[in-house]
Amino acid sequence: MTEPQEARTAGPITVAVTRTVSPDRAREAAAWARSGQDLISTYPGYLGSGWIRPDPTSGDWHMLFRFADSASLDVWEKSAERAWWVSTGQGLVEHGNQERRTGIEGWFDEPSAVEVISAAPRTPPRWKQMVSIFIVFYPLSVLANYLVAPLLGDWPVWARVLVTVLALTPVMTYLALPFVTRALRPWLLRGR
């Protein structure tokens, strides 16, 4: 999911950047990448970063970095230091796609600095994601229907469902699911 530059988020934002490096220049590229990590780590709102290579012979390098919010990310992206660092990679790395991730996938991300050795994602299996969503969704739906039924009485079903979905979506997104996924994190990530 690619978002426009002007998109703003109040919560953490993860950026994934793909770069291509000739395998015979991997040592130089690794030094360049480390210098970028040292530089970005000094910026307010920085939460962590890492480089992922599928294998030692691959030319594809994936950088992930995370900031506390869009405003902090913007400061880094518009900085003279970043512009200088990117320019020092010319002729060494070829810049590719960039993605910003702020949605549901962020609930299962681990927001810490790590040096990633394997490209295997730390995302729980879909059935565990489904269980954690059900644990939140079912009780909230029952409670909402119980509380709203007397107020909406003889409204058509589609209208009652619309009202409850509109009321529950922010609660699920900003309160309930983040709380449950943090509480269930050891179980969600066990066996990955």
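Residues numbered from 1 in each chain as written. Predicted model: local features only at pLDDT ≥ 70, side-chain atom pairs only at ≥ 80, totals over all residues. Heavy atoms only, no water.

**Regarding the overall build of the protein**
Next, step 1: If you tally the helices and strands in the protein, you get five helices and four strands.
Next, step 2: Its helices and strands in sequence order give the protein the pattern β-α-β-β-α-α-β-α-α, from N to C terminus.
Next, step 3: Expressed as a percentage of the 192 residues in the protein, the buried residues total 34%.
Next, step 4: For the protein, restricting intrachain contacts to residue pairs at least 6 apart in sequence, the fraction spanning at least 24 positions comes to 76%.
Next, step 5: For the protein, the accessible surface area stands at approximately 11800 Å², while carbon and sulfur atoms represent 64% of it. (Helix = DSSP H or I, 4+ residues; strand = E, 2+ residues; numbered from the N terminus. Buried < 20%, exposed > 50% of the residue type's maximum accessible area, 1.4 Å probe, protein only. Contact = heavy atoms within 4.5 Å. Areas by Shrake-Rupley, 256 points an atom, 1.4 Å probe, with all protein chains shown as cover.)

**Here's the deal with the packing of helix α4 (residues 126–152) against helix α5 (residues 157–189)**
Next, step 1: The interhelical angle for the contact between α4 and α5, taken along N-to-C directions, is 145 degrees, at an axis separation of 8 Å. Read as a crossing pair, α4 and α5 show a hand that is right-handed.
Next, step 2: Partitioned by chemical class, the residues of the contact of α4 with α5 number 20 nonpolar, six polar and two charged. (Axes fitted to C-alpha atoms, helices over the stretch in contact; angles between N-to-C directions. Left-handed = near helix turned anticlockwise from the far one by under 90°. Nonpolar A, V, L, I, M, F, W, Y, C, P; charged D, E, K, R; others polar.)

**With respect to the confidence of the model for the protein**
Next, step 1: Residues with a pLDDT of 70 or more make up 83% of the protein, whose mean pLDDT is 79.
Next, step 2: Looking over the protein, one finds the lowest element-wise mean pLDDT in strand β4 (residues 93–101), namely 78, and the highest in helix α2 (residues 70–77), namely 90.
Next, step 3: Counting contacts from residues 1–7, a segment whose pLDDT is below 50, to residues more than four positions away or on other chains yields 13 contacts.
Next, step 4: Within the model, the stretch residues 106–121 combines pLDDT values under 50 with 34 contacts to residues more than four positions away or in other chains. (pLDDT = per-residue confidence, 0-100.)

**Focus: the sheet that holds β4**
Next, step 1: Read across the sheet, four strands follow the order β2-β3-β1-β4 without closing on themselves; strand pairing throughout is antiparallel. The two strands at the open ends of the sheet, each matched to only one other strand, are β2 (46–52) and β4. Here the strands of the sheet are splayed against their neighbours by 15 degrees on average, with no regard to which way each runs.
Next, step 2: With six bridges connecting them, β2 and strand β3 (residues 60–67) associate as antiparallel partners. Residue pairing for β3: Y46 is matched across the bridge by F67.
Next, step 3: Sitting on the sheet, α2 is in contact with β1 (13–21), β3 and β4, with an inclination near 130 degrees to β3. (Pairing = 2+ DSSP bridges.)

**Side note on the side chain of T14**
Next, step 1: Mapped onto the secondary structure, T14 falls in strand β1.
Next, step 2: Separated by 2.5 Å, the side chains of T14 and R66 make a polar contact. (Polar contact = N/O pair within 3.5 Å; in protein donor to acceptor, adjacent residues only side chain to side chain.)

**Considering empty space enclosed by the protein**
Next, step 1: For the coordinates displayed, the defined rule picks out two cavities of 30 Å³ or more.
Next, step 2: Approximately 50 Å³ is the volume attributed to the largest cavity.
Next, step 3: Every residue along the wall of the largest cavity is listed here: V17, R19, M63, F65, W76, E77, R82, W85 and Q98.
Next, step 4: Those elements that provide at least two residues to the lining of the largest cavity are β1, β3, α2 and α3 (80–88). (1 Å grid on protein atoms, 1.4 Å probe; cavity = no way out; pocket = protein on both sides within 12 Å on 5 of 7 lines; lining within 4 Å. Points joined across faces, edges and corners; volume = space filled by probe spheres on them.)

**A closer look at the pairing of β1**
Next, step 1: For β1, a buried count of seven out of nine residues is recorded, marking the element as mostly surrounded by other parts of the structure.
Next, step 2: Bridge count for β1 against β4 is seven bridges, and the pairing is antiparallel. Its bridge partner lying in β4, V15 is registered against R100.

**Remarks on the nonpolar core**
Next, step 1: Grouped together as the largest cluster of nonpolar side chains are 22 residues, with contacts concentrated most on W51, F65, F67, L73, W76 and W85.
Next, step 2: Breaking this core down by element, the ones donating at least two residues are β1, α1 (26–40), β3, α2 and α3.
Next, step 3: Ranked by residue count, the leading element in this core is α1, at six residues.
Next, step 4: Residues contacting W76, with those up to four places away along its chain left out, are L39, I40, Y43, F65, F67 and R82.
Next, step 5: The next biggest cluster of nonpolar side chains, apart from the first, holds eight residues, and it includes L168, M172, L177 and V180. (Core = buried A, V, L, I, M, F, W, Y, C linked by side-chain atoms within 4.5 Å.)

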